[in-house]
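Each chain, written out:
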Amino acid sequence: MIRLTLQDGAQRHLLVLDRLPARIGRSTGCEVRLPPDPTISRVHAVITAGEQGLRISDADSRNGTFVNGERIAGSVSFTVTDRVRIGPFMLAIEGDDQAETVEAAGSDDARLRIETGLSSREIEVLALVAAGCTDQQVAQRLVLSVKTVRSHLDRIRDKTGCRRRPELTRFAFEHGVA
């Protein structure tokens, strides 16, 4: 039996898989059925058993499946330290030793990337936003264009489900980014 957590914005749901392969999507035939969302395909991704544990693959979805912030092609291993983003939803394996595994992942940056599903640059942008910086100030401090900062903010909003700066700031503080 495999336990997964599904994060939908601020809400977390526990899912239990009795058998593999398990399809993830918005179709009623999927073992992990996600709420209707235009960014989710009918069958978006599939979890299978591999030689060394679980694997996840994108099922030719239109918007892609992301593991730890990176879009996947083909099948990749899926462990307790990984965060899978499908549209606005974050999926993770729920384990008793999850905290120890995250601790073993190494640096604070690695821990933050695993816990939030954000890239290192997105974490830098989020930290500055949480510190009260404007888009222009973030761009100056990170030597980026304002357009690039806004692009990072769009991806952060998609990954976290937080739309406004106060929500992003709260998310940053809750996850130890700020």
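Note that the structure is predicted; figures quoted are calculated from it, not measured.

**Q** Is there a simple way to explain the sheet that holds strand S10 (residues 84-86) in this structure?
**A** The pairing of strands in a sheet happens through backbone hydrogen bonds and is either parallel or antiparallel. Pairing is antiparallel in the open sheet, where six strands are placed in the order S2-S1-S11-S10-S7-S8. Of all strands in the sheet, those with a lone pairing partner are strand S2 (11-17) and strand S8 (70-71), marking the two edges. In the sheet, strand S7 (residues 66-67) pairs with S10 via two bridges, with the strands oriented antiparallel. In the sheet register, Phe-66 faces S10, and the bridge partner there is Arg-85.

**Q** Mind showing me how you'd approach the environment of Glu-122 here?
**A** Inspection of the secondary structure puts Glu-122 in helix H3 (residues 120-130). Using a relative accessible area of 2% as the deciding quantity, one classes Glu-122 as buried. Glu-122 sits 27 residues away from Val-149 along the chain, and the two C-alpha atoms are 9.0 Å apart. When sequence neighbours within four positions are dropped, the list of residues in contact with Glu-122 reads His-152, Arg-155, Ile-156 and Lys-159. Here Arg-155 takes part through its side chain, which lies 3.2 Å from a polar atom of the side chain of Glu-122.

**Q** I'm lost on the sheet that holds strand S5 (residues 45-50) in this one. Help?
**A** Spatially, the five strands line up as an open sheet ordered S4-S3-S5-S6-S9, and their pairing is mixed. In this open sheet, the two strands that pair with only one neighbour each are strand S4 (32-33) and strand S9 (75-78). Summarising the sheet, strand S3 (residues 22-25) and S4 pair through two bridges and their orientation is parallel. The partner of Gly-25 across the bridge, within S4, is Arg-33.

**Q** Could you clarify how one ought to interpret the side chain of Ser-41 in this entry?
**A** On the secondary structure map, Ser-41 appears in the loop between S4 and S5. When its relative accessible area of 15% is taken as the criterion, Ser-41 is described as buried. Dropping the residues within four chain positions of it, Ser-41 is found in contact with Gly-25, Arg-26, Ser-61 and Arg-62.

**Q** How should I be thinking about the pattern of salt bridges in this particular structure?
**A** Close approach of charged atoms lets side chains of opposite charge pair. Inspection of every chain in the model, using the stated rule, returns nine salt bridges. Taking the shortest distance from any N to any O, the salt bridge between Glu-31 and Arg-23 comes out at 3.2 Å. Residue classification places Glu-31 among the partly exposed positions, given a relative accessible area of 27%. We classify Arg-23 as partly exposed; its relative accessible area is 33%. Residue Glu-122 pairs with Arg-155 through a salt bridge whose shortest N-O separation is 3.2 Å. Pair noted here: Glu-122 is in helix H3 and Arg-155 is in helix H5 (residues 146-160), with a separation of 33 residues, a long-range link. The exposure class assigned to Arg-155 is partly exposed, which follows from its relative accessible area of 33%.

**Q** Sorry, what's going on with the packing of H5 against helix H6 (residues 165-174) here?
**A** A pair of packed helices can be characterised by two numbers: the angle between their axes and the separation between those axes. Relative orientation of the contacting elements H5 and H6 amounts to 65°, with a least axis distance of 11 Å. Here H5 is positioned roughly perpendicular relative to H6, judged by the angle of their axes. Viewed along their axes, H5 and H6 form a crossing whose handedness is left-handed. Across the interface between the two elements, Leu-153, Ile-156, Arg-157 and Thr-160 of H5 pack against Arg-165, Leu-168 and Phe-171 of H6.

**Q** For this particular structure, what's the right way to read H6?
**A** Given 3.6 residues per helical turn, the α-helix brings residues three or four places apart onto the same face. Among the residues of H6, Leu-168, Thr-169, Phe-171 and Ala-172 are the ones counted as buried. Viewed along the axis of H6, the buried residues span an arc of 160°, placing them on a single side of the element. Across H6 from its buried face, at more than 90 degrees, point the exposed residues Pro-166, Phe-173 and Glu-174. Looking one or two places after H6, you find Gly-176, whose phi comes out positive at around 75°.

Reading the values: rules and limits
Residues numbered from 1 in each chain as written. Predicted model: local features only at pLDDT ≥ 70, side-chain atom pairs only at ≥ 80, totals over all residues. Heavy atoms only, no water. Pairing = 2+ DSSP bridges. Helix = DSSP H or I, 4+ residues; strand = E, 2+ residues; numbered from the N terminus. Buried < 20%, exposed > 50% of the residue type's maximum accessible area, 1.4 Å probe, protein only. Contact = heavy atoms within 4.5 Å. Polar contact = N/O pair within 3.5 Å; in protein donor to acceptor, adjacent residues only side chain to side chain. Salt bridge = Lys/Arg side-chain N within 4 Å of Asp/Glu carboxyl O. Axes fitted to C-alpha atoms, helices over the stretch in contact; angles between N-to-C directions. Parallel < 35°, antiparallel > 145°, perpendicular 65-115°, else oblique. Left-handed = near helix turned anticlockwise from the far one by under 90°. Arc of directions from axis to C-beta.

Shape is all these values report; function is a separate question.
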